[in-house]
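# Per-entry structural report
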Amino acid sequence: MKNRSFLSILEQLCMILIFAIAAALCLRGFSFANDISRDRDLLDHAVVSAQNAAEVIKSTKGDLLSASNTLCGSINEGSLTVFYDENGFPTNDGSTSAYKLTVTPINSAHPLTESASIIITQNTDVIFDLTVIWQRGEANE
């Protein structure tokens with residue numbers, strides 16, 4: 001009788017151990033998936049921010065001052081810089097921002113067009129890069 005109860009308890013302990021290991025692996029998998037999802041959300045916000053900046057730059061014909069007012073950014077050394085939080089909203093605090101958008105004018109090789117580079121960085125890593133080209137002319141024609 002003692003042997004059977006011992007084997008029963010041992011079998012139940014083994015099942016509990018197997019379920020605990022499986023639960024730990026599933027928890028780790030869910031955590032990893034959550035991290036990937038959070039990174040993809042940030043990338044989605046960054047891409048939309050770059051697209052919005054490209055449209056603003058094109059509509060202002062490259063006028064960084066007008067674009068900085070629309071995008072809530074600042075101009076430093078000939079480039080427009082905008083900081084964004086993790087939800088994709090502009091923020092004034094660069095130290096707590098999730099990513100940074102930088103618009104830098106590029107010298108165009110073609111006499112009828114102008115262009116700019118839009119770079120999104122997170123810390124020091126470039127996460128998105130976009131080049132926008134528009135026709136030369138006066139802003140708000």
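Attention in this report is confined to the structure presented alongside it. Computed from a predicted structure; not experimentally measured.

About the criteria used
Residues numbered from 1 in each chain as written. Predicted model: local features only at pLDDT ≥ 70, side-chain atom pairs only at ≥ 80, totals over all residues. Heavy atoms only, no water. Buried < 20%, exposed > 50% of the residue type's maximum accessible area, 1.4 Å probe, protein only. Helix = DSSP H or I, 4+ residues; strand = E, 2+ residues; numbered from the N terminus. Arc of directions from axis to C-beta. Phe/Tyr/Trp six-rings, centres within 6.5 Å; stacked < 30°, edge-to-face > 60°. Core = buried A, V, L, I, M, F, W, Y, C linked by side-chain atoms within 4.5 Å. Contact = heavy atoms within 4.5 Å. Disulfide = S-S within 2.5 Å.

## Regarding helix H2 (residues 64-71)
Of all the residues in H2, the buried ones are Leu64, Ala67, Ser68 and Leu71. With its buried residues spanning 105 degrees around the axis, H2 presents them on a single face. Exposed residues lying more than 90 degrees from the buried face of H2 are Leu65 and Asn69. Within two residues after H2, Cys72 carries a phi angle of roughly 65 degrees, on the positive side.

## Things to note about the packing of aromatic side chains
Counted under the stated rule, the structure contains 1 aromatic pair. Between Tyr84 and Tyr99 the ring centres are 5.2 Å apart and the planes differ by 15 degrees, which places this aromatic pair in the stacked class. Remark: Tyr99 occurs in strand S4 (residues 99-106) and Tyr84 occurs in strand S2 (residues 79-84); sequence separation between them is 15 residues. There is no split in this pair, since Tyr84 and Tyr99 are both buried.

## Thoughts on the nonpolar core
Of all hydrophobic cores here, the largest spans 22 residues; its most connected members are Ile57, Leu80, Tyr99, Leu101, Val103, Ile118 and Val132. Elements supplying a minimum of two residues to this core: helix H1 (2-59), H2, S2, S4, strand S5 (113-122) and strand S6 (125-135). Residue contributions to this core peak at 7 residues, all from H1. If we ignore the near neighbours within four places in the chain, the residues touching Leu101 are Ser49, Ala50, Ala53, Leu80, Thr81, Val82, Tyr84, Ile118, Ile119 and Ile120.

## Quick notes on the state of the cysteines
What is meant by a disulfide is a covalent connection between two cysteines, made through their sulfur atoms. Throughout the structure, instances matching the rule amount to 0 disulfides. Considering cysteine sulfurs only, Cys26 is the nearest to Cys14, which forms no disulfide, with 19 Å between them. When its relative accessible area of 41% is taken as the criterion, Cys14 is described as partly exposed.

## Regarding the side chain of Thr81
Checked against the element boundaries, Thr81 lands in strand S2. Judged by its relative accessible area of 11%, Thr81 falls in the buried class. Excluding anything up to four places from it in sequence, Thr81 contacts Gly73, Ser74, Asn76, Lys100, Leu101 and Thr102.

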